[in-house]
Every structure is written in C-alpha cells, then in structure tokens.
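Structure assessment
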Amino acid sequence: MNQFQYARPSKQKTAIEAIAKDPNAQFIAGGTNLIDLMKRGVMAPEKLIDINRLPLRKIEKENNGVRIGALALNSVVAEDKLILERHPLLAQALKSGASAQLRNMATVGGNMMQRTRCPYFYDTAMPCNKREPGTGCGAMEGFNRMHAIFGFSDKCIAVNPSDMNVALVALDASVLVAGPKGERRIPFIEFHRLPGDNPEVHTNLQKGELILSVDIPDGPYTKHVHYLKVRERASFAFALVSVAAALDIDGSTIKSARLAMGGVAHKPWRLTEAEKTLVGKPVSEASFQQAAEVAMRGAKAFEHNAFKLILGPNSIVQALKTAAGIA
Ligand code: SF4
C-alpha cells in the first residue's frame, strides 16, 4: 500500500475544502471497500479525508419523507424503527447485503460509492478500462458470469454491486450533496451512470462533492414489498440477480408498482415500463409474467451469463408474487 496523508475534520466546510484543493484526495468513512482497493493497488489516494466526525448519522422524518444521513451505518438503518415502518423494502435490501460485520462498518454514503466487484478491476495485472482507461476490458472476452445484461458499452460490462441501491432507486430516493458551489439534489436514478466511453467514472458526483443524505419520499409501499437476492451462497456473496418489488394493492387490483433489478447493469436498474404494465392489473402470476417479459426487453448476454436471461424474469415474477402474498 502506498503512503498517504490523513486528515479528520470535524466541519463539513473543512472536509469539502480539503478534498477540493487536492486532486488525489479521497473521502473515507467505513472504508470497507476503499481500504481493499488501496491494499491491492487499484486505488492510491495521496490523502484520506476521514469524515466520521461530521454530524451525518441521523435518520429522521423530513418533509413528507425520511432523511438518512450519509454516515448512518447500514446495520443501524436496517433496524431503524422509522425505516422498518415506512420503507421495509430498504431494510430487506440492506440485510441481504454483505455480512453482519461489514454492515456494522459500512455507511449509506459508502454503500452508494462502492466500486464494482468485476475481478479484472481488482487484478492490476489484467486490462481494465475502468481502472486504467484505454487498456481494454478483460471481462468482455474473459470470464463474465457476474456481468451486465443491460446498459453496457464496448468499454465496460461491469455491474453495480450494491443491494441498497436497488431498493433506493425503486423508492424514488434522492441524494443531497454539498460541494464548493453549495448544495444540490440528485435523483437517485441519476446518481450512478452507465459506462459509455468513460467507465472510470461511476457516478455523477462532481469532484469535491460530499454526500450529506439520502431522502426517501413517503409512499404506499409499506406492506407489499419484497427484496429477492439470488446469489451463489447465502452467507455472503454479491447478487447474480436481485429484484426490489413494491406494490400498492387495492382489493385484488394493483394501483401502482415499483420495480428495480440489481446485478444486471452498471447502475441499479429501474424497470419503469414494467411498472406501468402492472397498473390496473389483477394480482396474478399472469400479470407478473407480463411485467417480467417487458422488463427483460433489450437484455443481451455474454458467454458466461446467459443464465441471467432466464433467472432475471423468473426472479421478477417470484419477487412480485412474494410481495403480493401469493407466493
Ligand atoms: Fe474493467 Fe469494466 Fe471490463 Fe470489468 S467489465 S474488466 S471493470 S472495463
């Protein structure tokens, strides 16, 4: 690991100034991903700005919704009374992510910022456009079992590894950030980006910006929700495919739906068209099959991940059935 400087400001302004004046500085909170990346030589920041002293840990009611501070721990959010009452889908997604030990260290902001788990990204002997632009993509013709089926480019086919992000994009969350020019709000669906020609850029956060909170509007998705994660071992693994499903049901009719997938794209993948097909439909396996078919339009597999073209729709149907209580 390279040597680096370390600062631990207690004021937001000082933290933002420190990062803005040093192009090779990085914020650190739980460090559950960044320290691994530094040990492996994938990232080598010259300065770490430890933000753990900033007052960003609260989970509170805020203007018709819930505000979750960027430094709230994943384990705390998953068990928080307000979250369990109003956003149980988020609690389920958080509990399915990582291990108990990691959830006790990892913050909400850090979870959003975590990097892909593409093995070529972590192996500095291999080509990777995300780690080193212009070197090529090892996964494209290599082992691509975990990789994308939506939204990839000819530069990168990696996926976003987070479970929490899938629930947040389904729940229409937004992200409040602060930078040298002041505060701004980013819809969660626009926070992460597709790889395009610049896979090294994984979010739309600008240099020097600090995540302050994630805000989730109140909605009707408190009862009929389910986060389904399909992975290779139940104890601790990233999703092959995951589905966040939320339904608002009146009698036996679907009033509205929220649906997103994980493990399939460079960003959490919201399924807006599939959501629309569910509105006004009866709660039935046939309705869910139709939504799954719409959801999978445009999916394309690589050599080792064709199973996702089958696992994907099956997971959508299963998640919706469980959410609706007809599984
Ligand atoms: Fe790198 Fe992306 Fe290719 Fe993986 S898929 S090797 S992260 S460029």
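Now for a look at the structure at hand. Please read all numbers here as calculations on a predicted model, not as lab measurements.

**Comments concerning helix α13 (residues 308-324)**
Every α-helical turn comprises 3.6 residues, leaving residues that sit three or four positions apart pointing alike. Taking 1.5 Å of rise per residue, 17 residues should cover 24 Å, and α13 covers 23 Å from first to last C-alpha, within 8% of that figure. In terms of residue burial, α13 counts as a mostly covered element, since 12 of its 17 residues are buried. Taken residue by residue, α13 has Lys308, Leu311, Gly312, Pro313, Ser315, Ile316, Val317, Ala319, Leu320, Lys321, Ala323 and Ala324 as its buried positions. In this structure, the buried residues of α13 make contact with β9 (224-230), β10 (241-250), β11 (253-262), α11 (272-278) and α12 (285-295). Of the residues trailing α13, Gly325 is marked for its positive phi of about 80°.

**A closer look at the sheet that holds strand β2 (residues 25-28)**
Reading across the sheet, the 3 strands line up as β1-β3-β2 and stay open at both edges, with parallel pairing between neighbours. Both outer strands of the open sheet, β1 (5-7) and β2, are each paired with one neighbouring strand and no more. In this sheet, neighbouring strand axes are inclined to one another by 25° on average, regardless of whether the strands run parallel or antiparallel. In this structure, β2 lies alongside strand β3 (residues 47-50), joined through 4 bridges in parallel fashion. Counterpart to Ile28 in the pairing with β3 is Asp50. Along the sheet face, helix α1 (residues 12-20) touches β2 and β3 and points at about 145° away from the line of β2.

**So, the site of the ligand**
Not every one of the 15 residues close to the ligand is listed here, only the nearest: Cys118, Cys128, Cys137, Cys156 and Ile157. Of the pockets mapped on this structure, the ligand occupies the largest cavity. Class assignment for the residues of the shell around the ligand results in 10 nonpolar, 3 polar and 2 charged.

**Some remarks on the sheet that holds strand β7 (residues 182-187)**
Within the open sheet, the 5 strands sit side by side as β4-β5-β8-β6-β7. Their pairing is antiparallel. Each of the sheet's edge strands pairs with one partner strand only, and the pair in question is β4 (59-61) and β7. Between one strand and the next, the sheet's axes are offset by a mean angle of 25°, whatever the strand orientation. Pairing of strand β6 (residues 174-179) with strand β8 (residues 210-217) involves 5 bridges; the strand directions are antiparallel. Across the sheet, the residue bridging to Ala178 is Leu210, located in β8.

Thresholds applied
Residues numbered from 1 in each chain as written. Predicted model: local features only at pLDDT ≥ 70, side-chain atom pairs only at ≥ 80, totals over all residues. Heavy atoms only, no water. Helix = DSSP H or I, 4+ residues; strand = E, 2+ residues; numbered from the N terminus. Expected span 1.5 Å × (residues − 1). Buried < 20%, exposed > 50% of the residue type's maximum accessible area, 1.4 Å probe, protein only. Contact = heavy atoms within 4.5 Å. Pairing = 2+ DSSP bridges. Axes fitted to C-alpha atoms, helices over the stretch in contact; angles between N-to-C directions. Near = heavy atom within 4 Å. 1 Å grid on protein atoms, 1.4 Å probe; cavity = no way out; pocket = protein on both sides within 12 Å on 5 of 7 lines; lining within 4 Å. Sits in = over half its atoms within 2 Å of the grid points. Nonpolar A, V, L, I, M, F, W, Y, C, P; charged D, E, K, R; others polar.

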